[in-house]
Amino acid sequence: MTDPCGECGARACEELFHGLLALDHSRAEPWGPLHGVSVSCFLLQHAGRLPADGGAAARGLLQAYLDGGLPAVQRLIGRARAANSHRVKAGAAPGGAARGTAVPVGREAPRGGFTVTIEQVAQGGTFPAAGFPERVRAWAAATLEVSGPHSA
Ligand SMILES: [Zn+2]
């Protein structure tokens, strides 16, 4: 038996995440279209992996999914792609918190405080298609409950 993860509280979360990514990359329904949402949940439950924006974009994606479902997520991703074409380099301020792996003070995610983790979404490790979107929705809600959308 693997020890629970110190960040999300799930067992073997890394292994499960790789399994999920493989399904995502097959582009099959229902996993492929939810790739961005799944990855955002996983990152937000692992503070050490958050991108330089502290997870702001990931939280926005989860909120969009909870509010408007997949169509809202796809609109958001479309906008982000457009914005990236004239992206401004963020975090260039002197002494700013732009360092890749450092988690800004006050931003540490509570350890294992999530009511839903990748372990529940995986349902034994196979991420069954039946009910998958609903489980991802619960995962997103549990993630935002602890780490956002307005936490600072
Ligand atoms: Zn974990």
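Residues numbered from 1 in each chain as written. Predicted model: local features only at pLDDT ≥ 70, side-chain atom pairs only at ≥ 80, totals over all residues.

*Asks:* A description of the overall build of the chain should follow, citing residues and the corresponding values.
*Replies:* Each helix and strand in the chain was counted, giving 5 helices and 0 strands. The order of helices and strands in the chain, counted from the N terminus, is α-α-α-α-α. Here the analysis covers contacts within the chain between residues at least 6 apart in sequence; of these, 70% occur between residues at least 24 apart. (Helix = DSSP H or I, 4+ residues; strand = E, 2+ residues; numbered from the N terminus. Contact = placed C-beta atoms within 7 Å.)

*Asks:* Just give me the short version of the packing of helix H2 (residues 35–44) against helix H3 (residues 56–84), but keep the residues and values in it.
*Replies:* In the contact formed by H2 and H3, the axes pass within 10 Å of each other and the chain directions differ by 175 degrees. Looking at the two axes, H2 sits roughly antiparallel to H3. Here Gly36, Val37, Ser40, Cys41, Leu43 and Leu44 of H2 lie close against H3, whose contacting residues are Ala58, Arg59, Leu61, Leu62, Tyr65, Val73 and Ile77. Residue composition of the contact of H2 with H3, by class: 10 nonpolar, 2 polar and 1 charged. (Axes fitted to C-alpha atoms, helices over the stretch in contact; angles between N-to-C directions. Parallel < 35°, antiparallel > 145°, perpendicular 65-115°, else oblique. Nonpolar A, V, L, I, M, F, W, Y, C, P; charged D, E, K, R; others polar.)

*Asks:* Describe unusual backbone geometry, and please don't skip the residues or the numbers.
*Replies:* Between glutamate 29 and proline 30 the backbone carries a cis peptide bond, its omega angle lying at 0 degrees. Phi angles above zero are rare outside glycine, and glutamine 123 is one such case at about 50 degrees. Relative to the helices and strands, glutamine 123 resides in the loop between helix H4 (118–122) and helix H5 (132–147). C-beta crowding within 10 Å serves as the criterion here: with 13 such atoms nearby, glutamine 123 is assigned to the partly exposed category. Notably, phenylalanine 127 is not glycine yet its phi reads approximately 50 degrees, a positive angle. Secondary-structure assignment places phenylalanine 127 in the loop between H4 and H5. Its 21 C-beta neighbours within 10 Å are what place phenylalanine 127 among the buried residues. (Buried ≥ 20, exposed ≤ 12 C-beta atoms within 10 Å, placed from the backbone.)

*Asks:* Pulling in residues and values, what's your account of the packing of H3 against H5?
*Replies:* Viewed as axis vectors pointing N to C, H3 and H5 meet at an angle of 130 degrees, and their least axial separation amounts to 10 Å. Between H3 and H5, the interaxial angle falls into the category oblique. Considering only the axes of H3 and H5, their crossing is left-handed. Of H5, the residues touching H3 (which contributes Arg59, Leu62, Gln63, Tyr65 and Leu66) are Arg137, Ala140, Ala141, Thr143 and Leu144. Of the residues in the contact of H3 with H5, the class split is 6 nonpolar, 2 polar and 2 charged. (Left-handed = near helix turned anticlockwise from the far one by under 90°.)

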